[in-house]
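Observations on the three-dimensional arrangement
Each chain, letter by letter, is given below.
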Amino acid sequence: MSFELTKESKLVIDELLTRYPNKRAAALPVLHVVQKQHGYIPAEAEPLVAEILEVPPVKIREVLMFYTLFLQKEIGKNHLQVCRSVSCWLRGADRIIKQINEKLGIHDGETTSDKQFTLTEVECLGDCEHAPMMQLNDDYIGDLTAEKVDEIIGKKGQ
Amino acid sequence: MPTITIDGKELTVEKGKTIIQAADEAGIDIPRYCYHPGLSIVGQCRICLVEVEKMPKLQVACYTPVMDGMVVHTQSERARKGRKDVLEFLLVNHPIDCPVCDQAGECFLQDYYMKFGLYDSKMLEDKNKKSKAVPIGKHIVLDSERCILCTRCIRFCDEVSKTNELGIFHRGDHAELLPYPGKTVDNPYSVNVVDICPVGALTEKDFRFRTRVWYLDETNSVCTGCSTGCNIEVHTNKKREYKNEGRRVTRLKPRFNKDVNEYWICDEGRYSFTYVDAADRLGVVMKRVKGELQESTWAEVMPEVLTALQSAKENNKRIAVLGSPKMTNEDLFALKKFASQTLGVSQMPVTVLPKEKPFSDDFLIREDKNPNTKGAGYLGYDTDHKATRKLLDDCASGGVELLIIFHHDLEAGFETELVKSALSGAKTVVFVGSNANTTSARATYILPSCTYVEKEGTFTNFAGRVQKINRAIEPLGDSLPEWTIIRNLSRKIGKALAYFEAEDVFKDLTKNTAAFSGMSYSAIGDGGLVAEENGKLKQGDAKAAAQKTETATA
Ligand code: SF4
Ligand code: SF4
Ligand code: FES
């Protein structure tokens, strides 16, 4: 499999590079561009990004394996990241997780066979006042209830 | 220049240096894992904590630059407690498999535990399991559980070999040192990462389970792998010989010399000692009887060689000598003196260039794979390959009665046909060398000589640095240093050379050769000596910053 940057991604990256004192410093935003384009960061992209940032590929891999926000495998269209840290847990995060487990038949790290949903249990996302909460793709959804979860799954699953 | 005080000692330190560098220069030992004087500074492991007056927190000595008036305490209660806590963290998931770990005995974890740790483990949880005994290169095995993530090996591959194979992946207690997928650590300098790994995470395949390090003896020497002459330690196991499987040299380790190899040696050099006890090693005197080489003795062969020399001389027949750049300055000097004084030989070639150009780079590895071509040149030998060809041509055309060859495998550099006719053209061929080859197989006599770990002497590296080798093990079988063989011949024919030790030859040599004038074994010392153009001698800097911990007092 080969990986290519689209024209648009290239333009964004070129602009990003101008913002930093050196190319290497742009590693995180550039990796985000790749992830945005492809949904995750395939191994083939590592040498490519390395070349752009003028570092050896191993340095890129170190970065993307350090941050859980960078994905290295394809996931479902909707990424349900449910917080399981203290506040959410006290307010019933485990029930929310169980509900998703049963409803979609997936556990932590798994994706539905129709590639619609991926469930990830995560640590505190800093939205404790709305516990229990989850992050759905780029958005926070707080004060979760069983109904709310059903609604999310129903709406997104269509 | 800032003046600082470390443990009550007042020091004037160059600006920009860090506390650990100042301490190293003053011989004050501060523990370290990630800091290595040959690599960039990262301040990663925190074991080097020291107390600095007026600074509220403990500071990392490796990363904190000196400032005028700084007062540092390396042994205060707080500093020691800080290090102890760091150590406890580093060992949280450590497997402590010292009984089966090759590093045991030269492990910084063990050393610092004994110095600062001495606590009882508070770990009740299961330890993290990681991969063990993973081959990550031709010579290297990785045990991830033992790794303390100091990144020394990564920085070596980034900064010294510049090959970027290694990285740390994942994070927290899942963080693991590994090669980049699809890569192996097989650069020409790879095994240095084993040397600098402060723990037993990286071990050398060749050394694995071979011996415990405390049975090893260390002898300072010089690598003979190429003309760079990297400074090394020869580690031998004389205490448990029965464990050696017939191999007397256990391993070579680089020895610091700022002016030659700094902290490093190449892999080729590291394993270049194997010829010492190889299957083709020559340990017995041999002579050809009815076309076959047979074992003999010095007592039998020496008179025969002498007779052959004598008769060639008396009949005005030509005697030719082919020296070798593998010989020490002492060997070469004794040979030249004997050959010119007694045998009437004036042309002295030494060089046989291999047919294919050997690997070299712009760091340590040089194309000339001989330790002493430069010395041979200084001593008046002809180091041109063509001179050797001419000598072989002369032999082939029947112009040479007796040929003495040192070490060379002529077929490595010349056409087999030429070699054959040259060796059969001379009536007598005396081969002096440590290992058998296609040339020795055609000799009339084989006189076994010592390898560099079995004798004393000096080599001159490509840059003209004269460096000393020392005897680490006894000569194998009948083998003798080349200069001794020559001296023994000289006692019976012509003018006797009055040498008893290699040093006697060296003394004579310094009196007679400009490039060595004023030198002595004691002046050469551990760092070597270069004769500079202005007639001054320049000593090498072999004083490494505190690398080992044994010297320090806790
Ligand atoms: S690395 Fe050191 S402390 Fe760890 S098992 Fe080996 S010898 Fe023991
Ligand atoms: S393998 Fe050794 S040198 Fe490399 S990071 Fe681990 S402890 Fe340090
Ligand atoms: S030696 Fe100073 S932090 Fe590692």
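1. Observations concerning the overall build of chain B
What chain B contains, in helices and strands, is 14 helices and 23 strands. Principal-axis analysis of the C-alpha atoms places the extent of chain B at approximately 90 × 50 × 40 Å. Classification of the 554 residues of chain B by burial places 47% in the buried group. Long-range contacts, defined here as pairs at least 24 residues apart, represent 67% of the contacts in chain B between residues at least 6 apart.

2. Things to note about the interface of chain A and chain B
Across the contact, 9 residues belong to chain A and 9 residues belong to chain B. Grouping the amino acids of the side of chain A that touches chain B by side-chain chemistry returns 6 nonpolar, no polar and 3 charged.

3. Focus on the sheet that holds strand β22 (residues 529-531) of chain B
Strand pairing in a sheet takes place through backbone hydrogen bonds and is either antiparallel or parallel in direction. Residues and elements named next belong to chain B. The 4 strands are arranged β20-β21-β22-β23 in an open sheet whose pairing can be described as antiparallel. Looking at strand neighbours, the two that pair on one side only are β20 (457-460) and β23 (537-539), the edges of this open sheet. The mean inter-strand angle of the sheet, taken between neighbouring strand axes irrespective of direction, is 30 degrees. Direction of pairing for β20 relative to strand β21 (residues 465-469): antiparallel, over a ladder of 4 bridges.

4. Concerning the nonpolar core
Residue and element names in this part refer to chain B. If you look at the biggest cluster of nonpolar residues, it comprises 68 residues, and the most contacted ones within it are Ala334, Leu403 and Val430. The leading source of residues in this core is helix α8 (residues 329-341), at 6 residues. If we ignore the near neighbours within four places in the chain, the residues touching Val430 are Val305, Ile404, Ala443, Thr444, Tyr445 and Leu447. Membership of the second largest hydrophobic core comes to 60 residues, among which are Cys107, Ile136, Val185 and Leu202.

5. Things to note about the site of ligand 1
As a matter of local geometry, ligand 1 sits amid 13 residues, with Cys98(B), Cys101(B), Cys107(B), Val199(B) and Gly200(B) nearest to it. A breakdown of the residues in the shell around ligand 1 according to their chemical character gives 7 nonpolar, 4 polar and 2 charged.

6. Let's talk about the domain arrangement of chain A
Put simply, an interface is often sized by how much accessible area is lost when its parts join up. Taken domain by domain, chain A holds domain 1 (7-66) and domain 2 (78-156). Once you take the C-alpha centre of each, domain 1 of chain A and domain 2 of chain A turn out to be 29 Å apart.

7. Quick notes on the site of ligand 2
Taken together, the neighbourhood of ligand 2 is formed by 13 residues, with Cys147(B), Cys150(B), Cys153(B), Cys197(B) and Ala201(B) sitting nearest. The residue makeup of the shell around ligand 2, split by class, is 11 nonpolar, 1 polar and 1 charged.

8. Considering helix α2 (residues 77-90) of chain B
All names here are of chain B. A rise of 1.5 Å per residue sets the reference length of α2, with its 14 residues, at 20 Å; its end C-alpha atoms lie 20 Å apart and thus fit the reference within 8%. Residues of α2 that are buried include every one of Ala79, Gly82, Arg83, Val86, Leu87 and Leu90, and no others. Projection of α2 onto a plane perpendicular to its axis shows the buried side chains occupying an angular sector of 135 degrees, all on one side. Elements that come into contact with the buried residues of α2 comprise β3 (49-52), β5 (71-73) and α3 (108-117).

9. Looking at the environment of Gln135(A)
Residues and elements named next belong to chain A. Tracing the sequence through the fold places Gln135 in strand β3 (residues 134-136). Owing to 17 C-beta atoms within 10 Å, Gln135 belongs among the partly exposed residues under this scheme. Measuring from C-alpha to C-alpha, the distance between Gln135 and Gln81 comes to 5.0 Å, with 54 residues separating the pair along the chain. Apart from the residues within four sequence positions on either side, Gln135 is in contact with Gln81, Leu125 and Tyr140.

10. Some remarks on the packing of helix α6 (residues 93-104) of chain A against helix α7 (residues 146-156) of chain A
All names here are of chain A. Direction vectors running N to C along α6 and α7 enclose 40 degrees, while the axes themselves pass 10 Å from each other. The angle between α6 and α7 places the two elements in the oblique class. Handedness of the α6/α7 crossing: right-handed. Here Ile96, Gln99, Ile100, Lys103 and Leu104 of α6 lie close against α7, whose contacting residues are Ala146, Val149 and Ile153. Here the contact of α6 with α7 is built from residues that sort into 6 nonpolar, 1 polar and 1 charged.

Parameters and conventions
- Residues numbered from 1 in each chain as written.
- Chains lettered and ligands numbered in written order.
- Predicted model: local features only at pLDDT ≥ 70, side-chain atom pairs only at ≥ 80, totals over all residues.
- Helix = DSSP H or I, 4+ residues; strand = E, 2+ residues; numbered from the N terminus.
- Buried ≥ 20, exposed ≤ 12 C-beta atoms within 10 Å, placed from the backbone.
- Contact = placed C-beta atoms within 7 Å.
- Nonpolar A, V, L, I, M, F, W, Y, C, P; charged D, E, K, R; others polar.
- Pairing = 2+ DSSP bridges.
- Axes fitted to C-alpha atoms, helices over the stretch in contact; angles between N-to-C directions.
- Core = buried A, V, L, I, M, F, W, Y, C linked by C-beta atoms within 7 Å.
- Near = placed C-beta within 6 Å.
- Domains from an automatic or database assignment.
- Expected span 1.5 Å × (residues − 1).
- Arc of directions from axis to C-beta.
- Parallel < 35°, antiparallel > 145°, perpendicular 65-115°, else oblique.
- Left-handed = near helix turned anticlockwise from the far one by under 90°.

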